[in-house]
Amino acid sequence: MIRIDTDQLEELIHKDVEVKKDLEIVLKDDMKSYQICFKAYHQAEEELEKIQKKAEKLRKEIQEQKNFEDRLHAEINRLEIQKIFAERKRKRLLKKISESRDDEEKHLKYIHEFGEVEETIANLESKQESIRDEISENRSLVAKMERKEKSYIEKAKDAEREKRRHQQNVTEWQLSIETKTNLFYQQTFDTMMAYYEPLRDLLVRNLQKDKYLTKEEAKAQLLSEMDKELTAEKAALIREKEQKQKKPSQKTRKKCYVMPYKNVQQTILKKQLYPL
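Residues numbered from 1 in each chain as written. Predicted model: local features only at pLDDT ≥ 70, side-chain atom pairs only at ≥ 80, totals over all residues. Heavy atoms only, no water.

Caption draft 1: Representation of the overall build of the chain within the structure. Of the regular secondary structure elements, the chain holds five helices and zero strands. Reading the secondary structure of the chain in the N-to-C direction produces α-α-α-α-α. Looking at the chain residue by residue over its 276 residues, the buried ones come to 27%. In the chain, once contacts between residues fewer than 6 apart in sequence are set aside, the share between residues at least 24 apart is 85%. When the accessible surface of the chain is totalled, it reaches about 20500 Å², and 51% of it is carbon and sulfur. (Helix = DSSP H or I, 4+ residues; strand = E, 2+ residues; numbered from the N terminus. Buried < 20%, exposed > 50% of the residue type's maximum accessible area, 1.4 Å probe, protein only. Contact = heavy atoms within 4.5 Å. Areas by Shrake-Rupley, 256 points an atom, 1.4 Å probe, with all protein chains shown as cover.)

Caption draft 2: Region of interest: the pattern of salt bridges. All chains considered together, the criterion is met by 14 salt bridges. Between Asp158 and Arg161 there is a salt bridge whose closest N-O contact spans 2.2 Å. With Asp158 and Arg161 both in helix α2 (residues 104-187) and three residues apart, the pair spans about one turn of that helix. The exposure class of Arg161 is partly exposed, given its relative accessible area of 46%. If you follow the salt bridges from partner to partner, you end up with Glu56, Arg59 and Glu149 in one network. (Salt bridge = Lys/Arg side-chain N within 4 Å of Asp/Glu carboxyl O.)

Caption draft 3: Local environment of the nonpolar core. Residues Leu48, Ile51, Ala55, Leu58, Ile62, Val142, Met145, Tyr152, Ala156 and Ala159 constitute the largest nonpolar core, which totals ten residues. Elements with a minimum of two residues in this core: α1 (6-99) and α2. When residues no more than four places from it in sequence are discounted, the contact partners of Ala159 are Leu48 and Ile51. (Core = buried A, V, L, I, M, F, W, Y, C linked by side-chain atoms within 4.5 Å.)

Caption draft 4: Structural detail: the packing of aromatic side chains. Per the stated rule, a full pass over the model turns up one aromatic pair. Relative to Phe38, the ring of Tyr34 has its centre 5.7 Å away and its plane inclined at 25°; by these criteria the two rings are stacked. Taken together, the positions of Tyr34 and Phe38, both in helix α1 and four residues apart, correspond to about one turn of that helix. For Tyr34, a relative accessible area of 10% corresponds to the buried category. (Phe/Tyr/Trp six-rings, centres within 6.5 Å; stacked < 30°, edge-to-face > 60°.)

Caption draft 5: Region of the structure containing a positive patch on the surface. Where like charges cluster on the molecular surface, the positive patch consists of Arg88, Lys89, Lys91, Arg92, Lys96, Lys106 and Lys109. For the positive patch, the secondary structure elements donating two or more residues are α1 and α2. Per-element accounting of the positive patch gives the leading share, five residues, to α1. Note on placement: Lys106 falls in helix α2. (Patch = residues over 30% accessible without salt bridge, like charges linked within 9 Å, V, L, I, M, F, W, Y side chains within 5 Å. Lys, Arg positive; Asp, Glu negative; His and termini not counted. Charge placed at Lys NZ, Arg CZ, Asp CG, Glu CD.)

Caption draft 6: Structural detail: the environment of Ala143. Considering the arrangement of structural elements, one finds Ala143 in helix α2. Residue Ala143 is classed as partly exposed on the basis of its relative accessible area, which comes to 27%. With 81 residues separating them along the chain, Ala143 and Ile62 place their C-alpha atoms 9.0 Å apart.

This is the structure in structure tokens:
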């Protein structure tokens with residue numbers, strides 16, 4: 001078990017925390033802009049989805065109205081057939097009325113039937129006219145709905161453009177944050193290395209005290225322990241990679257990733273202890 005001077009360790013941790021705060025300050029405005037753009041992107045996406053749903057609903061209603069109009073045309077044709085048969089019957093009755101002048105009883109009967117046929121024809125014509133008016137109103141309604149559908153299509157195009165614009169902004173801010181993060185760590189690398197040099201020396205000194213080792217023996221033991229840790233981490237990374245390859249790939253939203261500060265600390269320490 002390696003014991004470390006508490007005061008020195010707290011000083012190192014305090015310096016690390018300061019570096020982390022510096023990074024948060026550097027990224028503060030960019031992260032705020034990124035969050036605004038990300039929110040705007042999702043709002044644009046939701047707005048586009050709403051417009052598309054409205055357009056789809058309206059499209060179905062238009063189709064229903066057109067189907068209704070087809071049924072009305074079919075009804076007009078059916079009434080027209082009935083009207084043709086009624087007109088033929090009227091012609092036959094006119095002929096019978098003319099031929100039955102000598103027989104008063106038949107003559108009156110045919111006249112009565114003729115009146116009923118005339119009334120039937122008038123009713124059929126009235127129904128046809130009423131249906132034609134309904135078709136005319138339905139066509140006006142369909143035309144109005146189609147104009148509204150076109151406006152939805154235009155709105156959907158505008159919303160799609162707006163969505164792409166916000167998506168581009170999100171991507172640009174992601175790149176900006178990643179670039180600034182990498183640049184920040186690159187610029188502070190030497191400073192952070194300086195933080196870890198005392199820590200390495202501190203660990204070596206504690207090993208010397210605890211196990212009565214020479215400085216070189218303490219360094220060798222520390223390197224051995226670090227080598228074991230690196231080997232274990234490499235094995236864990238390989239296992240994780242193999243598991244990810246086995247899982248089916250899923251399309252997910254691209255997210256901005258910033259390396260955890262703790263991982264950066266460990267990486268820098270290991271690079272210092274194991275220079276290439």
